[in-house]
Every structure is written in structure tokens, then in C-alpha cells.
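# Coordinate inspection notes
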Amino acid sequence: MKKITKRELFVDYLPTALAGILIICFAIAKEQTFLKTLPTLITLIVLLMSVHANRFAFLLGAANSVLYALAYVNEALYFSAANALLVSMPIQIFSFFNWSRHKDGETQAKLVRMKWWQIAASVVACIPLWAACYFGLSSFFEGSYAMIDCLLFVLGIVVSVLLAFRFVEGQYFNTVSCIISLALWIVISLKDPSNINYAV
């Protein structure tokens, strides 16, 4: 068994454990439903596995996408729900098999870096995709926070595709998505504190 380094302990495992404890505490304090609590706890495990390039994170993440879709629909975040069920889940299943073809050891995969023009193209592509989503599709839904919801939908697609092809930069795009998502869930939690675990 691989020995856990001090860096992994203090940077990866302890913060993940702390986040899990906070999620459970908020869930108990706010009498949160099991459906709202479970996907956030599973996400912590998925993120921890992803940091170590464990390809099985995609299988667990694909199953977790179904739970998130149900939670998003409950909050009228229809684009996020569509992204979880119709984009994230199938891409994660594909990612597992693609990573399995390029594995480095029993569970880890070999990652690759993007060229500068690929990074630029990915950033630029987000703009027309967001515009098409927001101005072309949002009128069909009466969802909450449609502008941000569409942006997270587009970023979710970009992140899923980059990670599917083992690009390290997919995690950078995911960090941006997480920051925006955090801001969104803080706003939502101010109106309904029972959603605080999504912010955590």
C-alpha cells in the first residue's frame, strides 16, 4: 500500500475530512434530507480520487450525477440538472474507459498538458456557448439564476471534455467553475439555509 505523505495528509485528506464533517453538521442542524446530503459527501470522495488521477472516480461521479440532477431540479436549476444527467454522466463513463486505456498502474492514468492555443480555444469557446445557451434556450425554462446556471452548464461541458481526454488543465477550468458555483450556492443558501452543504 502506498504511504501517505505529509503533503497529501494536510492538503488532501484533512481538508476533505473537515468538509465532510461540516456537511454532516449542517445537514443535522438544518434537518436536511438525505437526498441533499449524500451527493455532496460522494463528491468529496470523487474529488479526492481525482486529485490522485484515479480513473474509478469517473464511475462514482457518473452515479453521483443522477443524485445531483434530482437536487438541481428541486432548486429549479434546470441547466445544471441537464448538465449533470445528459452531459456529465455519459462523459464520465467515457472518461473511465478512455483513462483505462492510458493507465499508469492499477488505478492511475497518465495525464497530458494542453498547448497554449488549445487553452485559448477552450476559453474563447465558452463565450458563444454561453450566449447560445442563455439567449437561445433559457426562455424555454423558468429556472432560477438562469445566467449563472447557463455559465456553469457550459463550464461543466468544457471541464468534462478536458478531463475525458486526460488534460491537466481540466482541473483549472474546474476550479473556476467551483468558485462560481460557490458564489451561487451562497446566494441560494441565504434564502434557504438548508442548502448550505452545497456551498461547503
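Placed above this text is the structure.
The text that follows walks through the structure, step by step, so that each part is easy to find.

Conventions and cut-offs
- Residues numbered from 1 in each chain as written.
- Predicted model: local features only at pLDDT ≥ 70, side-chain atom pairs only at ≥ 80, totals over all residues.
- Heavy atoms only, no water.
- Helix = DSSP H or I, 4+ residues; strand = E, 2+ residues; numbered from the N terminus.
- Expected span 1.5 Å × (residues − 1).
- Bend = angle between axes of the 7 residues up to and from the residue.
- Buried < 20%, exposed > 50% of the residue type's maximum accessible area, 1.4 Å probe, protein only.
- Disulfide = S-S within 2.5 Å.
- Axes fitted to C-alpha atoms, helices over the stretch in contact; angles between N-to-C directions.
- Parallel < 35°, antiparallel > 145°, perpendicular 65-115°, else oblique.
- Contact = heavy atoms within 4.5 Å.
- Polar contact = N/O pair within 3.5 Å; in protein donor to acceptor, adjacent residues only side chain to side chain.
- Core = buried A, V, L, I, M, F, W, Y, C linked by side-chain atoms within 4.5 Å.
- Nonpolar A, V, L, I, M, F, W, Y, C, P; charged D, E, K, R; others polar.

Between its first and last C-alpha, helix α3 (residues 56–74) extends 28 Å over 19 residues, near the 27 Å set by a 1.5 Å rise per residue. The principal kink in α3, of about 25°, is found at Asn64. Here α3 has its buried residues at Ala57, Phe58, Gly61, Ala62, Asn64, Ser65, Tyr68, Ala69, Ala71 and Tyr72. Phi for Ala76, located one or two positions after α3, is positive at around 60°.

Right, let's get into helix α4 (residues 78–101). An ideal rise of 1.5 Å per residue puts 34 Å on 24 residues; α4 measures up with 34 Å between its terminal C-alpha atoms. The largest bend along α4 measures about 35° and falls at Ser88, with the proline Pro90 one to four residues further on.

The full count for this structure, using the stated rule, is 0 disulfides. Take Cys150: it sits in no disulfide, and the sulfur closest to it among the cysteines is that of Cys133, at 3.2 Å. Looking at Cys150, the relative accessible area reads 0%, which means it is buried.

The description of two helices packed together rests on the angle between their axes and the distance between the axes. Put simply, α3 and α4 touch, their axes get as near as 8 Å, and they point 170° apart. Comparing their axes, α4 and α3 come out roughly antiparallel. Within the contact between the two elements, α3 uses Phe56, Ala57, Phe58, Leu59, Gly61, Ala62, Ser65, Val66, Tyr68, Ala69, Tyr72 and Val73 and α4 uses Tyr78, Ser80, Ala81, Ala84, Leu85, Ser88, Met89, Gln92, Ile93, Ser95, Phe96 and Trp99.

Turning next to the environment of Thr175. Following the sequence through the fold, Thr175 ends up in helix α7 (residues 170–191). The spatial distance from the C-alpha of Thr175 to the C-alpha of Val159 is 9.6 Å, given a sequence separation of 16 residues. For Thr175, the side chain forms a polar contact with the main-chain oxygen of Gln171, separated by 2.9 Å.

Moving on to the nonpolar core. The tendency in soluble globular proteins is for nonpolar side chains to be buried as a group. Ranked by size, the top nonpolar core spans 21 residues in total, and within it Phe153, Val158 and Leu162 carry the most contacts. Every element with two or more residues in this core is listed here: α4, α5 (116–137) and α6 (146–164). The dominant element in this core, judged by the number of residues it contributes, is α6, at 9 residues. The residues contacting Val158, other than those within four sequence positions of it, are Cys126 and Phe173.

With that settled, the discussion passes to the packing of α4 against α6. Two elements in contact, α4 and α6, have axes whose closest approach is 9 Å; the angle formed by their N-to-C orientations is 5°. On the basis of their axis angle, the class for α4 and α6 is roughly parallel. Listed contacts from α6 to Tyr78, Phe79, Ser80, Ala82, Asn83, Val87, Ser88, Ile91, Phe94, Ser95, Asn98 and Trp99 of α4 are Asp149, Cys150, Leu152, Phe153, Gly156, Ile157, Ser160, Val161, Leu163 and Ala164. Residue classes in the contact of α4 with α6 are distributed as 14 nonpolar, 7 polar and 1 charged.

In short, shape yes, function no, at least from these values alone.
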